[in-house]
Every structure is written in structure tokens, then in C-alpha cells.
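# Structure at a glance
Each chain, written out:
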Amino acid sequence: MLLKIFKYQNTIISRYLLTNLIVFFFAITFVIGLIVFGNQFVLTVQESISFGIPIKELMPLVGFNMLRDIPIILTLSLFLSIIITISQLYKNSEAVVMNSIGLGDRSFMNLIKPIVFFAFIIIFYLTIFAVPWAKQQKSYAEDETVNASEFSFITEGKFESFKNGEIVFYAAEAKVNDIAGEQNMEEIFIYASNNEISTIVVAPEAKKYTDAKNNSTYLRLKNGTRYEGLPGDENINILNFEKYDLEIVSGDVQKSITNFSEIEERNTIDLLREGGKNANAEIQWRISQPISVLILSVFGIFLGKSSPRNGKGINLILGVVVFMLYNNALLVAKSAIESGQLSPLIGMWSIHLLLILFVIIFYQFREGKVTYFIDKIAFFNIKEKSHV
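Reference entry: report on the structure contained in this document. These numbers were taken from a predicted model, which means no experiment stands behind them.

## Concerning the nonpolar core
Counting residues in each nonpolar core, the largest one holds 49 residues, and the members touching the most others are Phe79, Ile82 and Phe108. Ranked by the residues each element gives to this core, the list is headed by helix H3 (residues 55-91), at 13 residues. Met185, Ile188, Val201 and Ala203 belong to the second-largest nonpolar core, a separate cluster that totals 13 residues.

## Details of the environment of Ser193
Tracing the sequence through the fold places Ser193 in strand E3 (residues 183-194). Linking Ser193 and Glu166, residues 27 residues apart in sequence, is a C-alpha distance of 5.4 Å.

## Examining helix H8 (residues 277-304)
Helical geometry: 3.6 residues make up each α-helical turn, so side chains three or four residues apart lie on a common side. For H8, built from 28 residues, the straight-helix expectation of 40 Å at 1.5 Å per residue is met to within 8% by its first-to-last C-alpha distance of 38 Å. Residue Gln289 marks the point of greatest curvature in H8, where the axis turns by about 30 degrees; the proline Pro290 follows within four residues. Across the 28 residues that make up H8, a large majority, 21, are buried.

## Some remarks on a nonpolar patch on the surface
Judged by side-chain polarity, Phe30, Val31, Leu34 and Ile35 come together as a nonpolar surface patch covering roughly 430 Å² of accessible area. With respect to the helices and strands, Phe30 occurs in helix H2 (residues 12-51). Judged by relative accessible area, which is 57%, Phe30 ranks as exposed.

What counts and what doesn't
Residues numbered from 1 in each chain as written. Predicted model: local features only at pLDDT ≥ 70, side-chain atom pairs only at ≥ 80, totals over all residues. Heavy atoms only, no water. Core = buried A, V, L, I, M, F, W, Y, C linked by side-chain atoms within 4.5 Å. Buried < 20%, exposed > 50% of the residue type's maximum accessible area, 1.4 Å probe, protein only. Helix = DSSP H or I, 4+ residues; strand = E, 2+ residues; numbered from the N terminus. Expected span 1.5 Å × (residues − 1). Bend = angle between axes of the 7 residues up to and from the residue. Patch = residues over 30% accessible without salt bridge, like charges linked within 9 Å, V, L, I, M, F, W, Y side chains within 5 Å. Areas by Shrake-Rupley, 256 points an atom, 1.4 Å probe, with all protein chains shown as cover. Salt bridge = Lys/Arg side-chain N within 4 Å of Asp/Glu carboxyl O.

Shape is all these values report; function is a separate question.
Next up, the structure:
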């Protein structure tokens, strides 16, 4: 069975069709991937500025997000490339010649079948195994860089703001120790604003460390002074200290790094064992993406058929609209399953069946068979009675 699916028909027509399909597929994938990568990079830069973290520390998040979006990118790219390839054959009147020798829609399906099933296997692997792993690793990276390590990346000799400007931090020198989680700093200045109370802390030296008992991260300042209030205020509290520990991240936040409660990050096998509405919704979503490749590939062949006199790009625009409606319908069904408004037995399978039914009706209408059946119905075939 598999050998028949992946059997390559080594003919001039098959080579010509597959070459065009592969070229369009990689071109569209590159363009869409570039757009998605650019969007992810912009969001990463915004996060870097917001949290004061170097961009290089957040770049792994871009890679995990790209891996998460690859199944949708591949599905859309293959769908559009099939439409463009078939449409180009009709625009150049090449498909007319092929139809005259018996090469119709079914022949086109057989020619692109190896690529479609290869894409099905790739997307199935990504959605079942790779994407959940990428989402889990993304959570690790976000918690470590944004939550647990917000003060880990101190640039010496530069004022830096954290927590949306609530804290301004300055260190004349900063050195990272060999011990994990420790960092030595000198000439420290901290300005914090909390509930309209301004606090300034200065110290000649400080050390960032992680407590092994409660797993909290602290900033230990030595031989410094703490000012509560600003010059001109009626009451200013001044406190000299030899050692002052400032908690940066609570141990509860650190522990949450290893606790993944999000359904999207869990292994597929664990979801099958767990059951429940959320698990069923996530499993159906993961399976729906490779299924959509098969349905959209067939639909793409039907959409690609056009007349040379038709406007350019109409089929392509229609394909994008269909993909958006189809994908959004799956997301709505997923939310309905999670909220209990839709039975998992109906679930996203109904969306696939509706699209298959629409594809069949679209094919019958394009071939003129729908009007033939309508004419056979007595209700639509009422003729005016002739009067003598």
C-alpha cells in the first residue's frame, strides 16, 4: 500500500508537474516563514526591551515559536502551491491538452500523491511529538529568562529599568562567578517605587545568589544605606546596614518552572491516558492538522481549475479565505469542546466532514452535475401550461 502511494511516475508530465509544485511550495514556504519569523523577532525585541534581557537570551523563544507554527505554514504553503500549479496549467492551456489525452483531476491527484502523503507524515510527526516538545521547552526558556532570571543580566556601567520602570538598577561592575546562579557586583544603586513610596538603596558591593533551601533568588547588598523617601519629604527614613538581602524571585516561582499544567505542552500519550474535555480537544486539534493536508490538497486541485479568461489570483484569494475559515472553524470547535458546549464525539470531525461535503458539492457544481440533478427535480422543472 505504502509503495503504491509513494510510487513515482517517471514521465515528462509528472516531472514537469512535480517540479513546478516543489518550486512554488518552497517559494511560498520561504515567504510565509520569513513573515512569521519577522513577526516573532519583533515581539522578541519588545520583550527584551520590556524585561531588560539581552536579545540573544530570548532568541531560543523565536526558534520554539517557529517550530510551533511550522505545521500550519507547511499546510498553507502546500495548499496554495497546488492551486498555483494547477491554475498555471490551465492559464497556459496545457491542462486542456492533458484533459484531451485523458489526464484529468484524478490523474493530477495521483501525480501529487507522493508529495501530499510525505507532507502528511511530516506534519503528523510535528503535531504529535515536536510541537508539544517545543511548547514545553518554550515554557522552560520563558520562566528561566523572564521570571527566574530577570536580574541575571546586569550590564555594568548602565542604568537599567525593570518591572515596567518600577525598579531602576545600576552596577558599576558586574562579574559572573563559576558557581551557578551567583554574580558579584560593585557600586550598586537601586531605586524602587512601590505604592507611592520611593526607596533608594546604595551599597559598595552586592552578590546575586540562589538559596538552596527555598530555591529563591536574592540580591545580597553589603555595607550600604537605605533611604525611604525623597529629599523634600517630611519623613525620610535612613537605615545603614551591614548585610541586606533583597528577594528577587520567590521560590514558588522557581518551582513552577518544572510544573507544566498546560495541556498544549503535554505528551500525546499522556493526553490519551488522561482523557477529559481539554485533553480530547487538544488531541483532536493535533490530529486535525495532518488531516487538513489531505482534504485541502484535493480541494486545491479543484480550485486550480480555471479559464484563461478569468482574473489572475482569484482562485488564490479564494484558497486563502477557505483556509482561514477552515482553520478558524477548527479553533472554534476546539474551544467549544473545552467549554463542554460540543461533544468530543462530534468535535472537529464535523468540521472535516463539512469541508469534505463542500468539496464534493463544489466539484459537482464545477462539472455542471448539480444543475443536472436540479433539473430532474419536479419542483424546479415546472413548465408553464399552454392555453388553447
